[in-house]
Amino acid sequence: MANTERLSVLAKVRESKKSVQDLLEDEAITGKDRALLEGLESQFDETEDALILGELTDQLEDLKAASRELGKVSKKMGQSVKKIQRIADGVADAAKALKILADIAAQAAAIV
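Residues numbered from 1 in each chain as written. Predicted model: local features only at pLDDT ≥ 70, side-chain atom pairs only at ≥ 80, totals over all residues. Heavy atoms only, no water.

Draft legend 1. Seen up close, a positive patch on the surface. On the surface, a cluster of positive charge is made up of K32, K82, K83 and R86. Looking at which element gives the most residues to the positive patch, the answer is helix α3 (residues 56–111), with three residues. Position of R86 relative to the elements: it lies in helix α3. (Patch = residues over 30% accessible without salt bridge, like charges linked within 9 Å, V, L, I, M, F, W, Y side chains within 5 Å. Areas by Shrake-Rupley, 256 points an atom, 1.4 Å probe, with all protein chains shown as cover. Salt bridge = Lys/Arg side-chain N within 4 Å of Asp/Glu carboxyl O. Lys, Arg positive; Asp, Glu negative; His and termini not counted. Charge placed at Lys NZ, Arg CZ, Asp CG, Glu CD. Helix = DSSP H or I, 4+ residues; strand = E, 2+ residues; numbered from the N terminus.)

Draft legend 2. A look at helix α1 (residues 3–24). With 22 residues, α1 should reach 32 Å at 1.5 Å per residue; the first-to-last C-alpha distance of 31 Å fits that figure. Within the span of α1, buried status applies to R6, L10, V13, K17, V20 and L24. Taken around the axis of α1, the buried residues stretch over an arc of 85 degrees, which confines them to a single face. In this structure, α1 carries T4, L7, K12 and E15 as exposed residues pointing more than 90 degrees from its buried face. (Expected span 1.5 Å × (residues − 1). Buried < 20%, exposed > 50% of the residue type's maximum accessible area, 1.4 Å probe, protein only. Arc of directions from axis to C-beta.)

Draft legend 3. Representation of the environment of S16. If you trace the backbone, S16 turns up in helix α1. The sequence separation of S16 and F44 amounts to 28 residues, and the corresponding C-alpha distance is 8.0 Å.

Interpretation note: all reported values are geometric properties and have no functional meaning in isolation.
Below you can see the structure in the form of structure tokens.
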């Protein structure tokens with residue numbers, strides 16, 4: 001792999017790592033999601049080190065393993081997002097129902 005390709009990959013790893021670090025600053029993220037992000041940050045650190053310090057031919061298996069692990073984490077994150085979205089949709093539905101109920105109550109009060 002040429003140096004320009006390595007630098008391109010390094011830039012993407014650093015960008016993703018920064019995104020993870022930004023998410024970790026959010027105190028609302030807790031439990032499994034926080035642990036997942038912390039593990040991901042550690043994996044990005046290791047990948048970054050391998051890209052900077054190691055010869056790629058010597059690190060090839062490590063990089064492949066890191067790629068597989070990041071793929072697994074990405075899949076888990078996608079599953080978590082779907083679960084959170086379902087909860088958010090339920091909350092939105094409840095909010096709509098409460099608004100309708102409040103509107104009906106306000107109209108009934110206006111009639112009396």
